[in-house]
Every structure is written in structure tokens, then in C-alpha cells.
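A look at the structure
What follows is each chain in one-letter form.
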Amino acid sequence: MAKIPRRAAAAGALLLALALVLTACGTPAGSRGAADYRLSAGTPRPKGEISGFSWALYAEPPVLDYLYAFDYPQNTVLANVCESLMRWTPGLTTEPGLARKASNPDPKTWVYDLRAGVKFHGGGELTADDAVYSLRRHLDPKLGSYWNEDFANVASIDKTGPLQVTVRLKRPDALFPQAMANSAGTVASSRSIKAQGRKFGTADGGLDCTGPFELGRWNRGQSLRLDRFDGYWGRRAKAGHVTFTFLPDSSARTNALLTGEVDGTFGVPPESLARLRSSDSGTLSFGEGLTTVNLNVASLKGTLKDVRVRRALLLALDREGFARAAMRGSATPTSAPAPRAAWRGIPRGITDRAYRQLPTVKRDLETARKLIRQAGAEGKKLTVATSPIGPDVSLLALAVQDAGTRIGLNVELKTIAPDAFTALFSDAKAREGLDLFPYTYYLSITDPLGIYTNFRTGQFENYAHFSDPEYDRVEARASATYDPVKRGRITAQLQKLALDKAICLPVAEYPNAVFQSRRITGAPTTVSYLYYPWAADVGARG
Amino acid sequence: MLRFLLRRLTELVLTLLAASFLVYGSVFLAPGKPETFLLGGRGANPEALAAIRAQYHLDEPFAVQYAKWLGSALTGDFGQSVQYRSDVLGLVGARLPGTLVLIAMAATLVIVVGLVLGWVGAVRGGALDSAVLVGTSVAVATPSFVAAIVLLAVFSVQLGWFPTLGSGAGPLDMLYHLTLPSIALALPFVGVLARVTRAAMLEQLGREHVAVARSRGIPERTVIRRHVLRNALGTVVTQGGLTLSGLVICTILVESAFGLGGLGEFLARSVTVKDYPVVQAVSLLVVGLFVLVNLVIDLVHPWLDPRVALGTRSAA
């Protein structure tokens, strides 16, 4: 399962602006916060086919090999070209994909029965060999798959029939079958991967997959075209082709949308929301995202050692103000690091109970000051990372400084260059001397556990080296539970533990925003577009 | 002449060598590691990390890495881009034409419009000169990215005369697509060149030889052309060379505002993710361009003004 430090954001000044932008978060409509947007389940169905449409991306996908597809631009494209064993739906649930059936004869075994007669773009037919070869690539350390963590519990991947693949796990892993719906479960033609070698998925090579669109002309630095694949096994795409245009500059993107030169985009920049909303060039819609912005604890050795200081900071932080300022009202302040939409697969009652247990979002400076006094932390120094990488990062750092100052902490901001900011997510050295850093994070599966596993002892993204035997025990129980209802209950316990210990300071959820020109409609509004062949649903509006 | 060229070419090679070393060193010393990017910022087991480091020679000392890069570069192999996982030459080659055409169009605008404005201001004087002064002050003070925003808002979004993005397909379409970007790029430089031209011509106009020429009854047009312009050109050409170098740098901002996907934008992104091979190749290209432009100026100079010896560049 995938969670991600927003590499996009970290990618640099040009990209920044957009970075924030791309995110999203969704709270069910009508819940807390004075957000000026409403979430919709989808956009109106198209009335018919269209010869083609164009779509803006904030960056060129560097490569389209699914092993490295772990960021918005590449996944937005790849979701339409390559398919996985399972499929994420616009409603953020999971259904069969290239596997017509997934079965689980025992907790450590997953058997995938593939669809018969599925054609690759190159003309070959899908077999178990392709699936085994595609999945095993994640296990090869030389290839450095971005999805290797999802395979951490995999013992073996084997062909057990002409159209059957069996995965054996070292221990039960509830997140593994869910990851088979994102890029971790992608199947490409093994023959083409072998034939193309290092060129697989690059502009020089190509892709041989099974999706509703196949890779067309890749005009490096400018655009990439997908053409409808006539041999597709599923529902035929409504558009003959899609042209993706790479527009790193957010105002360049907005201009292109306003003039109708580009038909649509996901992740509209906050600064452009007002212009696009009032424009008659198209329609802006919002849907559930799985993105939250949090403050990550970088070290439990300094001032944040005492849980009372962490709680006090959370109480003192003006989360409502941040949500208004950073996303122009298109965000919701939150008390949980996992977005509410991630609980989709779990019965409503359990989710509601879990959320009732959360501390309030309301600012309470008095209690916060009391906690700081009790902890004897008055005047102590707190170092927070900030970066000119984008307004969400710098605004959040300022909000922490404001909160800390009001409750008697001495908050120091440490400015980190945009290019060095990503290193915070993977390099312990880069985090030295820091107590907190802003952290935007999205889930690639619909499960809150995807975030809470991070705080297990020894996990890579457990940056503060938090370690608590009870937390680890509950986490292990949740991870080993396949039944969503039971897992939901345990995850609720885990969420409460995480919040009681204030291991991570949740700030806001971002919705997903999609813009479509007057010509087209049909794109999903949720963040499902990262792994769902969304472009096949887009057609003519009138 | 031949010896001069030989000397300058040796200088060019040495400059490129020094630049490559400096760029390589600075990327090496900058914070962050390319393997972080290669692993997608995600948790990597030590085995994967070691494999990646070995694959890209990241585990070797700086001197060895640089020597390896230099060795391959000399054979024309500029390596593989870390982020795109493909050949650097192909990646650079795909983005080069758009950027070169953009620079060429902007340079043409700068030279033609800058010279004409400077000339008119200096020769005509009066209200026209004041207008040139005000206009060029505004132009000089308008950075390309601001000009880009204004031009886009007016001519693309409002009036719909020009496209807002892309560099077009085919020569004519390319000229059309690059019109606004080249104006935005050229604007501040037009201002600078016009002012330099004006000042240089005014200086010449006040010189004794001009007064003498006029007193001899030589027609004013000939005086301006033979005595004023010719002598002023030295300064103007030198300034023009500097301008061209500046244009190269400014393409970064203009390319991103107009979504052109050119080399400047490519360089900026490559720096942020520490894509060594790309940064090296693009930097060397830019440095090479600088040096070549300077070489051309030095060659043109004595031809414009025979009093200047080859390679000295002092304006008479």
C-alpha cells in the first residue's frame, strides 16, 4: 500500500506550485469545516463518442514502466494503458481486473485466476507467465521497484495453471491483495519486457499492455498521445485518442484550460480554482481524494519527547485557518492522519465511532499552555522544516511557529532548499536537527491501515523511531485480518493509539479537483484516476 | 588568423573542461542524493540501494565518477538520464530545436528592434527620443516572466490570437507558436540594446571627426552610416553578445510560462532531482554556446572596424 511522501512537491520550484495543487482530500459532503466546495460521486455520463480530447499534466512522466509509476503524472497516463490483476473503481472500491477471480484458500495464499482471451496491444495473449514475470520484477533489487514494500511479505510468485498465478506470503497481509489493484499488480507482456530491456516504458522503447488505450506518439518534453486499442477485452473507450500535454507552470495550465486548448486536468491548482469556477469554458468538480497534510515528527529525542508537548502543539495549531489559507477553502481540517475516504470499505458505524474518538479540531490554547507547563517545556526549542517548495509547506511551518510561540515554545524554522526537501522522506541525515516537518501524503489503496502501519517499530517511514509494543501488537493483528469489518474495528483502535501518542500531527484533508471543458464529460472525480482507466469513460458532452 | 582561431578553439576546449568539472562538482556537493530519486523516495532495502548505487557508479569516489563520465563523453556517450532512464543525447536532442528557434527569434527581435530604437532616439532626438527613453526603461524593468503573463492574458486568453502553449509542429506553426514567447524573452534585452546603441551613437555624434565630416559637407546620412554607426557598432556588438548569453538563461522562465517543454525547463527540473548526466550535458551546451558567440563577436569585430586587431575587442 502505498503512501507517498509527495515527491511531486519535492520536485522543485517549477513544480511546486502545482504540487499542492494536485492533491485532495475528501470529507463527505456536509461535514465539518466551512469549505466552499461540494463533493460529487462523478461527472455526468457522456452522450456519445468523441474523436479525441486533450489533458494537462503538471510534468512529463519520466518513464512509464509500472515499477516506477508512483507519482501523479505517470499514473494518470499509465492507468489507461496497463492493467492490474485487480482494479480500483471510481468509487474507490476494488473489483476484479485482469484476474477474473482472486481467492484466498488460506491466510498466506492468494490465487489469481486470469481472464481468458485478453489481448496485449502488440497482439499477444495474456498468460500466467506474463503475470508471474511482471510481478516478480518487483522482487529484483537491481530493478529498484518503487513498490517493493508491498512485496515485503511475499515468499513466492508462481504459475499454477495456464491462467493461474499463486502468491504465497510469509505471513498474512491484508494490504497485499489491495495493492494488486494499483501499479504493484500491473501485468505487461513478458516478451516485450525482456525484448526491450532498459528501454521498457521509456520514450525510446514502449509498452505492451492490455488497457483500453495504447501508447501513441511520445513527443518528448511536450506531449504524449494514447490511441484507442480496438482489441480491448473490456468496454470500448469513448474517445479515439487522448493527448497529454506537459505543463509544469500552473498559470500556463490554467490559461490552456481557459482558452479551451486543453480539455481537462486533475488536481487543479488552488490559485486557479476561482478563475476556472467562474469560467464558461468548462466545469470544475470535486471528489474524494486520499491525501492528507500532516506534520511528521522527525525526532522523539528533543522537545517532542514528552507526549504532552506533542498534544499541546496539536491543540494550539490553527488547522481551520490553514485549511482556508492553503487551499482557498478547498480543504478540511482534520484530527486523523488517514483521510476519511480511506474508510470506504468499512461499515459506516465503525468509522463513525472511530471518528468520534478523535480529539477535536478546535483550537484550545489554554489547555495547550497547561500541558506545556506540566511538561516543563516552556521556552524549549523546536525546529521545524520549511521550504519554498510550495505554499502548503511554508504556510504550515508558519502556523506551527505561531502555535508554538503562543504556548511558550521557542520555534525555529529551518529553510530547506526545494531539491533537498524530498531527501527528508528517505534520508535520516537530512532530518538531523529537525523536530517536525510538513508532510503531504496520499494512499494508493482505500484502507486507513495503509497509513497506520507506518508507525510500527522499524518501519521505513517511522521517522521518529516511535516504538510501542502495544501499538505493534494491534498493528500486527490488523495487518493479518482480511475481513474488512474486523480489520476496521482493529484499525480504529490503532488510530486511537496513534492519536493518543500524537505520533503524527494531522492537519487537513485535500479533495481532488477535476476540470473538463464544454466538449467532454465522464471523468471520475475521485483520486481513482491514478489506477483506474478513467480516460475510457470520457466522451462527448453534447 | 589561423593561429588566432587555433588559440580560441583551445580556449573553448579548456573552458568546457573546466565547466564540466565545476558543474559535476557542484551537483555532487549539493544536498540530496540521486539514489533517493531513483528509489522514488520510498523505503529501500540496503540490497536495492547497493544495486542502484553500483549501476550508476554512485558508490565510487568523485574523481573516479568524473573521470568515467569524461571518458564516455569524449566518445560521444553522455550517459543515461537518471530520471528518464534513457540516453541523454536523445533527450537533449528532442528539446533542442524549440529552444534554439526561440532564442534565434528573440535575438533577431533584440537586434532589429534594439538597433532601430537606439538609432532613432539618437539621431532624431526630441519627443521621439524621450519616447524611446521611456519605452526602453519600461522594457528593461519588465522581466520576461512578467511580460509572459501579460502577453498571455491579453493576446491568448482575452483576444485568442495566439496559442497559450506548445512550440508547434512544422516551421510556420512553430513561428506562430513562438511569437509571444520570443517577444516576452526579447523585451528586456531590446530595452538594454536600444539604450546602449543610443548612448554609443550619441557619443560618436559628439566626436570631432563627425563635426569635421559635417563641415566638409558630407551628407548627413553618410556621416551617420560611415562615421557614427560604424564606430558605435563595436560597443553594440559586444553588448549584443552578452544579450545572447542572457537570452539562453532566460529561456527557462519563458519556456515554463508558455509550456514549451524546452531545454531551459528541462535543465531546471534535472537540477532539482540531481540528474547529473542531463545537468552536465545541458550546461556544457550552454557554456559552449557562450564561448562560440564570443568567438563570433571577436571575428566580426575587426571586420566591422579595421582598426581593431583580431582578438582585442576594444571599441575605438
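All residue numbers refer to position in the chain's written sequence, counted from 1. Naming scheme: in the order in which they are written, chains are lettered from A and ligands are numbered from 1. This being a predicted model, a pLDDT of at least 70 is required before a residue's local features are given, and a value of 80 or more before pairs of side-chain atoms are given or counted; all residues contribute to the totals for chains, interfaces and linings. As a rule here, side-chain values cover all heavy atoms of the structure and leave hydrogens and water aside.

Quick word on the overall build of chain A
Along its length, chain A carries 18 helices and 22 strands. The globule rule used here is 2.2 Å times the number of residues to the 0.38 power, and the radius of gyration it is set against is calculated over C-alpha atoms. For chain A, the C-alpha radius of gyration of 23 Å lies close to 24 Å, the compact-globule estimate for 542 residues. C-alpha extents for chain A along the principal axes are approximately 70 × 55 × 45 Å. Sequence separation of 24 or more characterises 72% of the internal contacts of chain A that already satisfy a separation of 6 or more. In the structure as shown, chain A presents an accessible area of about 18,200 Å², 49% of it carried by carbon and sulfur atoms. The charge count treats Lys and Arg as positive and Asp and Glu as negative. His and the chain ends do not count. Charge coordinates come from a single atom per side chain, which is NZ of Lys, CZ of Arg, CG of Asp or CD of Glu. When the 69 positive and 52 negative side-chain charges of chain A are each reduced to one mean point, those points stand 3 Å apart. What counts as a helix is a DSSP run of H or I of at least four residues, what counts as a strand is a run of E of at least two, and both are numbered from the N terminus. In this description, contact between two residues means that some pair of their heavy atoms is separated by no more than 4.5 Å. Using the Shrake-Rupley algorithm and a 1.4 Å probe, accessible areas are obtained, with residue cover drawn only from the displayed protein chains.

Describing the confidence of the model for chain B
Residues and elements named next belong to chain B. Of all residues in chain B, 92% have pLDDT values of 70 or greater, and the mean over the chain is 82. Per-element confidence in chain B is highest for helix H5 (residues 88-124), whose mean pLDDT is 89, and lowest for helix H2 (residues 34-38), whose mean pLDDT is 69. Under the prediction, the complex receives an ipTM of 0.81, its pTM being 0.86. Each residue gets a pLDDT score, which is the predictor's confidence in that residue and runs from 0 to 100.

Quick look at the sheet that holds strand S7 (residues 109-114) of chain A
All names here are of chain A. The rule for pairing is simple: two strands pair if DSSP sees at least two bridges between them. One open sheet accounts for four strands, arranged S6-S7-S9-S8; its pairing is antiparallel. Whereas interior strands pair on both sides, the edge strands pair on one side only; in this sheet they are strand S6 (99-106) and strand S8 (154-161). Geometrically, the sheet is characterised by an average inter-axis angle of 20 degrees between neighbouring strands, direction not taken into account. Sheet strands in contact with helix H4 (residues 128-136) are S7, S8 and strand S9 (164-169), and its direction is about 170 degrees off that of S8. Structural elements are reduced to axes, namely lines fitted to C-alpha atoms, with helices fitted over the stretch in contact, and the angle between N-to-C directions of any two is expressed from 0 to 180 degrees.

Regarding the packing of helix H7 (residues 250-258) of chain A against helix H8 (residues 270-278) of chain A
Residues and elements named next belong to chain A. Packing of H7 against H8 leaves a shortest axis separation of 10 Å and a crossing angle of 15 degrees. The orientation of H7 with respect to H8, classified from their angle, is roughly parallel. Where H7 crosses over H8, the two elements pack in a sense that is right-handed. Residues Ser250, Thr254, Asn255, Leu257 and Leu258 of H7 touch H8, and the partners they reach there are Glu271, Ser272, Arg275 and Leu276. Of the residues in the contact of H7 with H8, the class split is three nonpolar, four polar and two charged. Roughly parallel means an angle under 35 degrees; roughly antiparallel means over 145; roughly perpendicular covers 65 to 115; every other angle is labelled oblique. The crossing is said to be left-handed when, going from far helix to near helix, the turn is anticlockwise and less than a right angle, and right-handed when the turn is clockwise. Three residue categories are used. Nonpolar comprises Ala, Val, Leu, Ile, Met, Phe, Trp, Tyr, Cys and Pro, charged comprises Asp, Glu, Lys and Arg, and polar comprises the others, including Gly.

Comments concerning the state of the cysteines
Residues and elements named next belong to chain A. Pairs of cysteine sulfur atoms within 2.5 Å are identified as disulfides in what follows. Enumeration according to the criterion identifies one disulfide over all chains in this entry. Paired by a disulfide, Cys82 and Cys209 hold their sulfur atoms 2.0 Å apart. As the torsion about the S-S bond is roughly 70 degrees, the Cys82-Cys209 disulfide counts as right-handed. With Cys82 in the loop between helix H3 (72-78) and strand S3 (83-84) and Cys209 in the loop between helix H6 (190-196) and strand S11 (213-219), the pair connects residues that are 127 residues apart, well separated along the chain. Taking the relative accessible area as the measure of exposure, Cys82 reaches 6% and is therefore buried. Think of it in three bands: with a 1.4 Å probe and only protein chains considered, a residue is buried below 20% of the maximum accessible area for its type, exposed above 50%, and partly exposed in between. Residue class for Cys209 comes out buried when judged on its relative accessible area of 0%.

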